[in-house]
Amino acid sequence: MSSPSCPAATTLPLPNGALPTVGLGCWKLANPEAIVSKAIEKGWRHIDSACDYGNEVEVGKGIKKGLEAAGVKRSDLFVTSKLWNTYHRPEHVEAACRKTLADLGLDYLDLYLIHFPIPLKFVPFETRYPPEWTHDPSGENVMVPDPVSISETWSAMESLVEKGLVKDIGVANFNAALILELLKKSKIKPAVNQIELHPHLSQDRLVEFCKAKGIAVTGFSPLGSGSYIELGMDNGQGVGLLKDPAVLSIAAKHSKSPAQILLRWGVERGNAIIPKTSSEGRLEENINIFDFELDEKDMEEMAKLNRNMRYNDPGVFCKGMGGDYPIWD
């Protein structure tokens, strides 16, 4: 992955591809078409999308424009999407994947993830898309669980690889116990586990576990609490880590921004990261983290920031929708 505007980024090996260690997260993007297009022009080669983000049509338009503007091929770009909770039944998995492909304007995905280990009652495309969390927002507006096993869903995910619709498959928001159970019954093991990762939530044991099993890790929300302020899910932290004295000190030492230090920390640990930004200026800043390294002392100081503070926790936010899903307890 290279661009005149940034040093080459690194990749993590997957069974059928290579995962660029910095990707553009598309959750809550303002003007996704323009931002995705500009990101590709600036050298980003990893786009992280999802049905639930509700913007895959716009992201797809941005991909098309960006590839044309940058003069690069589809095969030079790594695109991830995710299976939503309402499509866990095996008979719905392929249709959900094909819907995502159609919206993105692509023939295949590089990586397709089970978004959450939380199967919910099916909602047809024509009824509501994306279906979000509650089954009938105009009625009771509560979550309705569906008793389908992860292994059933995973078997259908494996079929997507066999049919050439996706290159690799993985999971998101899975703990070690769920992964162990999945590994017992899978023909294709998960290539990636995408989880919340930042210095306030380093999840060292889960990261080490995944690596020991040959599963790459992608960290979402790598800048911490900032993305959750408008949702009231930031635990009162505001921008938090971006103003932490230790982060500011390390940033001054390396003549880098606090965001660049946080992102470099994620990559330095051997993980991929998917920061989001709706600012064209930040696109260049966020990917320009490969011309320096954090030394051992820096990493020791960053390690002290862990508070096991999770911002994206279904065990908390699902309660307001009638659901009880303490998946991290």
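Residues numbered from 1 in each chain as written. Predicted model: local features only at pLDDT ≥ 70, side-chain atom pairs only at ≥ 80, totals over all residues. Heavy atoms only, no water.

S.K.: I'd love a proper account of the pairing of strand 9 (residues 216-220), names of residues and values included.
M.R.: Counting buried positions along strand 9 gives five out of five residues, so the element sits mostly inside the fold. Burial along strand 9 is two-sided: Ala216, Thr218 and Phe220 and Val217 and Gly219, pointing in opposite directions, are all buried. Sheet topology places strand 8 (residues 192-196) next to strand 9; five bridges connect them, and they run parallel. Paired with Gln194 across the strands is Thr218, a residue of strand 9. Summarising the sheet, strand 9 and strand 10 (residues 272-273) pair through two bridges and their orientation is parallel. In the strand pairing of strand 10, Thr218 is matched with Ala272. (Buried < 20%, exposed > 50% of the residue type's maximum accessible area, 1.4 Å probe, protein only. Helix = DSSP H or I, 4+ residues; strand = E, 2+ residues; numbered from the N terminus. Pairing = 2+ DSSP bridges.)

S.K.: Report on the nonpolar core, specifying residues and quantitative values.
M.R.: Burial of nonpolar side chains together is a common tendency in soluble globular proteins. Within the largest apolar cluster, 79 residues are counted, with the highest numbers of intra-cluster contacts made by Leu24, Val36, Ile63, Leu109, Tyr112, Trp133 and Met157. Contacts of Trp133, omitting those with residues within four sequence positions, involve Trp84, Asn85, Phe116, Ile118, Leu120, Met143, Phe317, Cys318 and Met321. Counting eleven residues, the second-largest nonpolar core is a separate cluster that includes Leu14, Leu113, Ala172 and Ala272. (Core = buried A, V, L, I, M, F, W, Y, C linked by side-chain atoms within 4.5 Å. Contact = heavy atoms within 4.5 Å.)

S.K.: Explain the packing of aromatic side chains residue by residue, including any values.
M.R.: Using the criterion set out here, one finds ten aromatic pairs in the structure. Residues Trp84 and Trp133 carry aromatic rings whose centres are separated by 5.0 Å and whose planes lie at 90° to one another, so their mutual orientation is edge-to-face. Of this pair, Trp84 sits in the loop between strand 5 (78-83) and helix 3 (90-104) while Trp133 sits in the loop between strand 6 (109-114) and helix 4 (150-162), and the two are 49 residues apart along the sequence. We note that Trp84, like Trp133, is buried. An angle of 65° between the planes, with centres 5.1 Å apart, marks the rings of Phe116 and Trp133 as edge-to-face. Separated by 17 residues along the polypeptide, Phe116 in the loop between strand 6 and helix 4 and Trp133 in the loop between strand 6 and helix 4 bring together distant segments of the chain. Just as Phe116 is buried, Trp133 falls in that class too. The rings of Trp84, Phe116, Trp133 and Phe317 are connected pair by pair, giving a single aromatic cluster. Arg310 extends its terminal NZ or CZ atom over the ring of Trp328, reaching a point 4.1 Å from the ring centre. (Phe/Tyr/Trp six-rings, centres within 6.5 Å; stacked < 30°, edge-to-face > 60°. Lys NZ or Arg CZ within 6 Å of the ring centre and 35° of its normal.)

S.K.: Explain the sheet that holds strand 6 to me, and be specific about the residues and the numbers.
M.R.: Pairing is parallel across the open sheet formed by eight strands, whose spatial order is 3-4-5-6-7-8-9-10. Edge positions in the open sheet fall to strand 3 (24-25) and strand 10, since each of these has one partner strand only. As judged from the five bridges shared by strand 6 and strand 7 (residues 166-172), these two strands associate in the parallel manner. Within strand 7, the residue paired with Leu113 across the bridge is Gly170. Along the sheet, helix 4 contacts strand 5, strand 6 and strand 7; its crossing angle with strand 7, the most-contacted strand, is approximately 155°. (Axes fitted to C-alpha atoms, helices over the stretch in contact; angles between N-to-C directions.)

S.K.: How would you explain the pattern of salt bridges if you had to name every residue and give the values?
M.R.: Scanning the model with the defined rule gives 21 salt bridges in all. Note that Lys65 and Glu33 form a salt bridge whose closest N and O atoms lie 2.4 Å from each other. Residue Lys65 is found in helix 2 (residues 56-70), and its partner Glu33 is found in helix 1 (residues 32-41); the two are separated by 32 residues along the sequence. With a relative accessible area of 46%, Lys65 lands in the partly exposed category. Beyond isolated ion pairs, a larger network of salt bridges with shared partners links Glu94, Arg98 and Lys163. (Salt bridge = Lys/Arg side-chain N within 4 Å of Asp/Glu carboxyl O.)

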